[in-house]
Amino acid sequence: MPSLFFDVGLPTDKRWFGNCQLITGNRCELKTGSANQLFLFVHVPVLLCLLVEGVQYVFGIVGIPVVELSMSLQQAGLHYVGMRNEQAACYAAQAVGFLTGRPGVCLVVSGPGLLHCTGGMANAQINCWPLIVIGGSAPQDHEGIGGFQECPQVELSRPYCKYAARPPSPSLIPLHVEKAVRLSVYGRPGVSYLDFPGNLLIQRVPRDTVGWMPPCASPPVIYPDPDLIQIAGQLLTSAKHPLVIVGKGAAYGKAEHAVRELINATSLPFLPTPMGKGVVSDTDEHCVASARTFALQNADVILLLGARLNWMLHFGRPPRFDAAVKIIQVDICAEELHNSVASAVAIQSDVRVAATQLATLLRSKAWKLPKTSNWWKLLDKKCSDNKKSVQAMCLDTTVPLNYYTVFHHIQELIPKDCIIVSEGANTMDIGRSVLSNILPRHRLDAGTFGTMGVGLGFGIAAALWCRTNSPSKRVLCVEGDSAFGFSGMEIETMFRYKLPVIIIIVNNNGIYGGFEKEFFKDLQEAGEITKVTPPSALSVNARYDKMMGIAGYDGYYCTTVQQLQSAVRNSLMVNDRPSIINVSINPSADRKPQNFGWLTESKL
């Protein structure tokens, strides 16, 4: 039986694909039935290349022309998860990329299928998460004459990708798959798109003409310029008000041990960005998140570890930052250096390596920022004052509840190591300040693109990751009622795959803010309903918990702290299906008063 071989380390197994048998073990062996059977269906090179590249998860919605491909991917041993919307499938695939460092795959049909997932592609590209989208497309001989779902898919994908291509022939599929994986994980991670016309997917390729490729090597580690590390060390040791900002890039780069070593060795105060939470525990004594505005405004030297000076960090400009602040920037992407403001020291490097070298340098100098320093006294006082004002709101159990009360009483019960997924305006922002993360890559939210609708897709990906890597770990999706509506039907997906995700919907009857029942009723009776219903309004006291009836279960509708905590306790006991906790809060509830608006203008 003629064979093809690939050196990989996969569990030994055997599967048949038409006239081919795939055997995986120390080497991946593809055997054709006899010397006379010299052809492979196109599905085989696609699935074999993905398998060899270490891809584990595929999310999508099947239809013409990718039905057979989806079945082959599953038969090859990949985890296939059928979703209810291509956008949610794309969100799930990219979350797997963030959690594992290897791209997830989103499989979509032609035309509308691909267009539905472009929002997800843009989100992954701007978040810098590895993702591969595989799209079926109209047969090439139907192009230009009105083919079914004909669409210029490669061209449409390019603005949201690092790489977009249509393999010109079956024999070149391995080359393009390898490149798609490589570009998704090398340098700044991002998105690759591969397009497969319907006529290509039904072809058979001569076995001996396939240009098989070895799997791409792990991304190269970028080491910093030693001179720049020395200059950075000098800046930090001479600073009066130093600060470290830990970004999502440090989380993705698995730099937690190096960053924790740096913080502990130097006693530097740090702030995490939203998805940088947990690289150093939120409960660490050096975390000054409670004094975020004060720390940013008064720092004279800032060490930026895998974070970008975009809108989330107010562009690094006044009035949110001191005009004279010196930035030490560490980023894997050279193009990001000096972006928005010029850095005093711009270091292209793997965050893990740079943090380790800085810690070694500062330890050799026996330098440490004393907790008795004036800077630490100011930060500690501001943290204490802010925590006191928030604590009063957390302990206010007056009905209807406020955001802080809801999150505080959730935090009391949930496991400290759970993965928290969050989206919604106030729900996400306030939840970030109350719900703690002690581990890296354990918070997933709307991200740099500010994308709503990501929550349930992210939750599905996180629950699947937990099932394989940490079965006892729990996933908590904390959703605003508006954000939940983008992908609420994915609750059925969670039931189908027995994923014990706890979904908590913080329901204020609207977008940003809602309306009381009687006032809303009066509004709608004041004239033609589409002219008088406020654009930010949602249905009052909508019973999202009833969606559990899809699978014959009851959800939880809560208006008091006692009901909420009982629902959380009960949900934590369930391990084979999702739960929905619908918490009705004050429609006028808001975050504590802020010194600045949420977005600082970029123009000076």
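So, here is what we can say about the structure in this document. (Residues numbered from 1 in each chain as written. Predicted model: local features only at pLDDT ≥ 70, side-chain atom pairs only at ≥ 80, totals over all residues. Heavy atoms only, no water.)

### With respect to the sheet that holds strand β8 (residues 104–108)
- With respect to topology, 6 strands assemble into an open sheet ordered β7-β6-β8-β9-β11-β10, the strand pairing being parallel. Each edge of the sheet is formed by a strand with only one pairing partner; in this case those strands are β7 (79–82) and β10 (163–165). Strand-to-strand twist across the sheet, computed as the mean angle between neighbouring axes with direction ignored, equals 20°.
- As paired elements, strand β9 (residues 131–137) and strand β11 (residues 191–197) share 7 bridges and run parallel to each other. Bridge pairing in β11 places Ser-137 opposite Pro-197.
- Those strands touched by helix α17 (residues 455–469) are β6 (57–60) and β7, and its axis lies near 155° from that of β6. (Pairing = 2+ DSSP bridges. Helix = DSSP H or I, 4+ residues; strand = E, 2+ residues; numbered from the N terminus. Axes fitted to C-alpha atoms, helices over the stretch in contact; angles between N-to-C directions. Contact = heavy atoms within 4.5 Å.)

### Topic: empty space enclosed by the protein
- Tallied over the entire structure, the rule returns 2 cavities of 30 Å³ or more.
- Contributing to the lining of the second largest cavity are Gly-54, Gln-56, Tyr-57, Val-96, Thr-100, Arg-102, Pro-103 and Gly-104.
- Of the residues belonging to the lining of the second largest cavity, the class tally is 3 nonpolar, 4 polar and 1 charged. (1 Å grid on protein atoms, 1.4 Å probe; cavity = no way out; pocket = protein on both sides within 12 Å on 5 of 7 lines; lining within 4 Å. Points joined across faces, edges and corners; volume = space filled by probe spheres on them. Nonpolar A, V, L, I, M, F, W, Y, C, P; charged D, E, K, R; others polar.)

### Some points on the packing of helix α9 (residues 226–238) against helix α13 (residues 351–364)
- At a minimum axis separation of 10 Å, α9 and α13 run at an interaxial angle of 60°. Looking at the two axes, α9 sits oblique to α13. Every pair of crossing elements has a handedness; the one defined by α9 and α13 is right-handed. When α9 is examined against α13, the residues Ile-229, Gln-230, Ala-232, Gly-233, Leu-236 and Thr-237 are found in contact with a partner set consisting of Ala-354, Gln-357, Leu-358, Leu-361 and Leu-362. (Parallel < 35°, antiparallel > 145°, perpendicular 65-115°, else oblique. Left-handed = near helix turned anticlockwise from the far one by under 90°.)

### Observations regarding the packing of aromatic side chains
- Counted under the stated rule, the structure contains 11 aromatic pairs.
- Where Phe-484 meets Tyr-544, the ring centres are 5.7 Å apart and the plane angle is 75°; that geometry is what we call edge-to-face. With Phe-484 in helix α18 (residues 481–486) and Tyr-544 in the loop between α21 (529–532) and β22 (556–558), the pair connects residues that are 60 residues apart, well separated along the chain.
- A relative accessible area of 1% places Phe-484 in the buried class. (Phe/Tyr/Trp six-rings, centres within 6.5 Å; stacked < 30°, edge-to-face > 60°. Buried < 20%, exposed > 50% of the residue type's maximum accessible area, 1.4 Å probe, protein only.)

### As for the pairing of β11
- Among the 7 residues that make up β11, 7 are buried, leaving the element largely enclosed by the rest of the structure.
- Taking every second residue as pointing to the same face, both faces of β11 are buried, with Val-191, Tyr-193, Asp-195 and Pro-197 on one and Ser-192, Leu-194 and Phe-196 on the other.
- In the sheet, β10 pairs with β11 via 3 bridges, with the strands oriented parallel. In the sheet register, Tyr-163 faces β11, and the bridge partner there is Ser-192.

### Topic: the layout of surface pockets
- By volume, the second largest pocket amounts to about 850 Å³.
- Those elements that place two or more of their residues in the lining of the second largest pocket are α10 (248–252), β16 (326–331) and α13.
- Tallying contributions element by element places α10 first for the lining of the second largest pocket, with 3 residues.
- Across the lining of the second largest pocket, the residue classes tally to 17 nonpolar, 14 polar and 10 charged.

### Thoughts on the nonpolar core
- Counting 115 residues, the largest nonpolar core has Phe-59, Val-133, Val-259, Leu-444 and Ile-503 as its most contacted members.
- The element contributing the most residues to this core is helix α3 (residues 86–100), with 10 residues.
- Look past the residues within four positions of Leu-444 in its chain and what remains in contact with it is Ala-95, Phe-98, Trp-129, Met-275, Ile-419, Ile-420, Val-421, Ser-422, Phe-458 and Ala-462.
- Ranked by size, the runner-up nonpolar core spans 35 residues in total, among them Cys-49, Val-181, Leu-201 and Cys-216. (Core = buried A, V, L, I, M, F, W, Y, C linked by side-chain atoms within 4.5 Å.)

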